[in-house]
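What the coordinates show
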Amino acid sequence: MEEKELDAREIIAKVKEYVDVRKEIAILSAVDKGSQLFANLATDGLVLLFGVLGILFGSLAAGFYLSEVIGNTYAGFLIVTGFYFLLAVVFYAVKDKYVEKHIVNAAIKKFFRNKHEA
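1. Remarks on the pattern of salt bridges
In this structure the tally under the stated criterion is 2 salt bridges. Here Asp96 makes a salt bridge to Lys95, at a shortest N to O gap of 3.1 Å. A relative accessible area of 53% places Asp96 in the exposed class. Overall, Lys95 belongs to the partly exposed group, its relative accessible area being 23%. Of the charged contacts in the structure, one is a salt bridge between Lys95 and Glu100, with a shortest N-O distance of 3.4 Å. Note on Glu100: relative accessible area 39%, which makes it partly exposed. Taken together, the shared-partner salt bridges in this structure form one network comprising Lys95, Asp96 and Glu100.

2. Looking at the environment of Ile70
Turning to its location among the elements, Ile70 is positioned in helix α1 (residues 2-70). Ignoring sequence-local partners within four residues, the contact set of Ile70 consists of Ala75 and Ile79.

3. Some thoughts on the side chain of Ser67
Looking at the secondary structure, you find Ser67 in helix α1. Taking the relative accessible area as the measure of exposure, Ser67 reaches 9% and is therefore buried. Polar contacts involving the side chain of Ser67 include one to the main-chain carbonyl oxygen of Thr73, which spans 2.7 Å. Not counting the four nearest positions on each side in its chain, Ser67 is found in contact with Asn72, Thr73, Gly76 and Phe77.

The rules behind the values
- Residues numbered from 1 in each chain as written.
- Predicted model: local features only at pLDDT ≥ 70, side-chain atom pairs only at ≥ 80, totals over all residues.
- Heavy atoms only, no water.
- Salt bridge = Lys/Arg side-chain N within 4 Å of Asp/Glu carboxyl O.
- Buried < 20%, exposed > 50% of the residue type's maximum accessible area, 1.4 Å probe, protein only.
- Helix = DSSP H or I, 4+ residues; strand = E, 2+ residues; numbered from the N terminus.
- Contact = heavy atoms within 4.5 Å.
- Polar contact = N/O pair within 3.5 Å; in protein donor to acceptor, adjacent residues only side chain to side chain.

Next comes the structure, spelled out in structure tokens:
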């Protein structure tokens, strides 16, 4: 009978150890995913910031250039504004069919690619 109690204690100890290890793995996995998410957000945010700055300064340069070519100070900037307005209308028209689906698919692929690499 004493041998059975010893076996039961060993099993309980092993189960507790298993639960502790699983808890530790879950915590480490959450920290890993959180740090990957933060790194992705930081780098994607910087790429977005630099892209927006590039578009902004490129638009200003195009506005000044067109103003000089046309000879009218505000006409060049109105042309650039019209271009962006047209781009926004086209983007709005195709966003449901093309853009949103690709963004969702890319996010899913990125999540599962990182999951299977580990």
